[in-house]
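Structure at a glance
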Amino acid sequence: MSDRYTTTAARLNVYIQGQGFPILGLHGHPGTGRSLSVFTNHLSKRYKTFAPDLRGYGKSRWNGNFDMNDHLTDLEALLDRFEIEKCLVLGWSLGGILAMELALRLPERITGLILVATAAKPRGSHPPITWQDNLYTGVAALINYIKPSWQWNIETFGKRSLFRYLIQQHTFTTYKYIATDAVPAYLQTSPAATRALYSEIQSGYNRLLALEQIQCPSLVLAGEQDRHITSDSSLETAQHLNNCQWQCYPNTAHLFPWEVPQQVLNDIDHWLEVHPQVIVVNSPRAFDS
């Protein structure tokens, strides 16, 4: 990541739940800390989850442009602020990229990685977007926000909108998450955040060769039909990581945690059971807040 903008750390808005070993959850684009509720509501029953709004997202407002690298500065400051010496990091999409970067930057503080729909060399297979796509998506999102999971809206607009590339399973549960977590996050994403992300992608972001430096255990999860970050690019990332477990979910896409939430959470629970070292407390300060 480049250093075109050098700024002081932003004091991020953060949603905290539960008690126990710290798990830092990092959302995607567009997104907020609330977008991770599918994970944090479950994990906070046994752990202490921290889900910040990244700079330029949600309630973490920021005036002016910034660089993707500034997210890492903000996250390191957040760990210091809550005196978190060690934590597990779960990142979805952009959040997964930041999770890997954080593990490279602070290897002694990151005990493990759960990487969701992400890649160190992200590649997409999204078809060209038409004006009809944008129209149907806007209508579907608005109606779904007002009347979540209305089957008529799903059939009439949802399945003809850009949602068809984000999900494969047009279910009640999936559309409820879109209404409560996705639409508000989209509306709270700043243009500066969008510029920072697309600038990094257009520069040819590729950290595959650096992944060998990451020694902590990792779990890489992907949706088989993901068009935004393909499952092949996620698999490529998994193959470059040490001590990594790979899982790909059929008939799902980029938002697969909202399509098959229980299956995903069960797989995460199992991975945590098999790798207890990622949630072992090495310092009492890890619980302080």
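The paragraphs below set out a description of the structure included in this document. What you see is a predicted model, and the numbers here were worked out from it, not measured in a lab. Residue numbers here run from 1 along each chain, matching the order of that chain's written sequence. Residue-level local features of this predicted model are given only where pLDDT is at least 70; pairs of side-chain atoms are given and counted only at 80 or more, and the full residue set underlies all totals for whole chains, interfaces and linings. Hydrogens and water are ignored here; the side-chain numbers use all heavy atoms of the structure.

**Section: the packing of aromatic side chains**
Threshold: Aromatic rings from Phe, Tyr and Trp, taking only the six-membered ring of Trp, are treated as a pair when their centres fall within 6.5 Å; an angle between ring planes under 30 degrees marks them as stacked, one over 60 as edge-to-face, and anything in between as tilted. To qualify as a helix, a DSSP run of H or I must reach at least 4 residues; to qualify as a strand, a run of E must reach at least 2; elements of each kind are numbered from the N terminus. Residue exposure (1.4 Å probe, protein chains only): buried if accessible area is under 20% of the type maximum, exposed if over 50%, otherwise partly exposed. Only when the NZ atom of a Lys or the CZ atom of an Arg is both within 6 Å of the ring centre and within 35 degrees of the ring normal do we say a charge sits over the ring.
Under the counting rule described, the total for this entry stands at 9 aromatic pairs. Here the aromatic rings of Tyr136 and Phe157 are separated by 6.0 Å at their centres, their planes lie at 40 degrees, and the arrangement is tilted. With Tyr136 in helix H4 (residues 131-146) and Phe157 in the loop between helix H5 (151-156) and helix H6 (163-166), the pair connects residues that are 21 residues apart, well separated along the chain. Exposure remark for Phe157: the relative accessible area of 17% places this residue in the buried category. Members of the aromatic cluster, each reached through a chain of ring pairs, are Phe39, Trp92, Tyr177 and Trp258. Taking NZ or CZ as reference, Arg55 lies 5.6 Å from the ring centre of Phe66, over its face. Against the face of Trp150 rests Lys147, its NZ or CZ located 4.1 Å from the ring centre.

**Regarding the pattern of salt bridges**
Here is the rule: A pair is scored as a salt bridge if a Lys or Arg side-chain nitrogen falls within 4 Å of a carboxyl oxygen belonging to Asp or Glu.
For the structure on display, the rule yields 8 salt bridges. Close ionic contact of Glu76 with Arg105 constitutes a salt bridge, the shortest N to O distance being 3.2 Å. With a gap of 29 residues between them, Glu76 in helix H2 (residues 68-81) and Arg105 in helix H3 (residues 94-105) connect regions that are remote in the sequence. Residue Asp80 pairs with Arg109 through a salt bridge whose shortest N-O separation is 2.9 Å. Residue Asp80 is located in helix H2, and its partner Arg109 is located in the loop between H3 and strand S5 (110-116); the two are separated by 29 residues in the primary sequence. Its relative accessible area of 12% is what places Arg109 among the buried residues.

**Some thoughts on the pairing of strand S2 (residues 22-26)**
Residues in a regular strand project their side chains so that they alternate between the two faces of the sheet. Let me state the cut-off plainly: Any two strands with at least two DSSP bridges between them are considered paired. Viewed with both strands pointing away, a crossover whose connecting path from the first strand over the helix to the second turns clockwise is right-handed.
S2 sits mainly inside the fold: 5 of its 5 residues count as buried. Residues of S2 alternate between two faces, with Pro22, Leu24 and Leu26 on one and Ile23 and Gly25 on the opposite face, all of them buried. As paired strands, S2 and strand S3 (residues 48-52) are joined by 3 bridges and run parallel to one another. Following the sheet pairing, Leu24 is matched in S3 by Phe50. Read from S2 through helix H1 (residues 37-43) to S3, the crossover connection turns out right-handed. Where S2 meets strand S4 (residues 87-92), 4 bridges bridge the pair, whose relative direction is parallel. Residue Leu24 lies in a different strand from S4, and its bridge partner there is Val89.

**Section: a nonpolar patch on the surface**
The cut-off we apply is this: What goes into a patch is any residue over 30% in relative accessible area without a salt bridge, connected to like charges within 9 Å or, for nonpolar side chains (Val, Leu, Ile, Met, Phe, Trp, Tyr), within 5 Å. Only the protein chains shown count as covering a residue, and every accessible area follows the Shrake-Rupley method with a 1.4 Å probe.
There is a patch of nonpolar side chains on the surface, built from Leu142, Tyr145 and Ile146 and spanning about 360 Å² of accessible area. Examined against the element boundaries, Tyr145 turns out to sit in helix H4. Take Tyr145: its relative accessible area is 46%, and that puts it in the partly exposed class.

**Observations regarding the side chain of Thr230**
What counts here: When checking whether two residues touch, look at their non-hydrogen atoms; a contact exists if any pair is within 4.5 Å.
For Thr230, the location among the structural elements is in the loop between strand S6 (218-223) and helix H9 (231-240). Residues in contact with Thr230, not counting those within four places in the same chain, are Arg123, Gly124 and Ser125.

**So, the packing of H2 against H3**
As a reminder of what qualifies: Think of each axis as a best-fit line through the C-alpha atoms, taken over the contacting stretch in the case of a helix, with angles from 0 to 180 degrees between the N-to-C directions. Should an angle fall under 35 degrees it is taken as roughly parallel, and over 145 as roughly antiparallel, whereas 65 to 115 is taken as roughly perpendicular and any remaining angle as oblique. Two helices crossing with the near one rotated counterclockwise from the far one by less than a right angle form a left-handed crossing, whereas a clockwise rotation gives a right-handed crossing. Basically, the charged four are Asp, Glu, Lys and Arg, the nonpolar ten are Ala, Val, Leu, Ile, Met, Phe, Trp, Tyr, Cys and Pro, and anything else, Gly included, counts as polar.
At their nearest, the axes of H2 and H3 sit 10 Å apart, and the two run at 65 degrees to each other. One element, H2, and the other, H3, form an angle in the roughly perpendicular class. The crossing of H2 and H3 is right-handed. Across from Met68, Asn69, His71, Leu72, Thr73, Leu75 and Glu76 in H2, the residues of H3 making contact are Leu94, Leu98, Glu101, Leu102 and Arg105. Looking at the contact of H2 with H3 residue by residue, the classes come out as 6 nonpolar, 3 polar and 3 charged.

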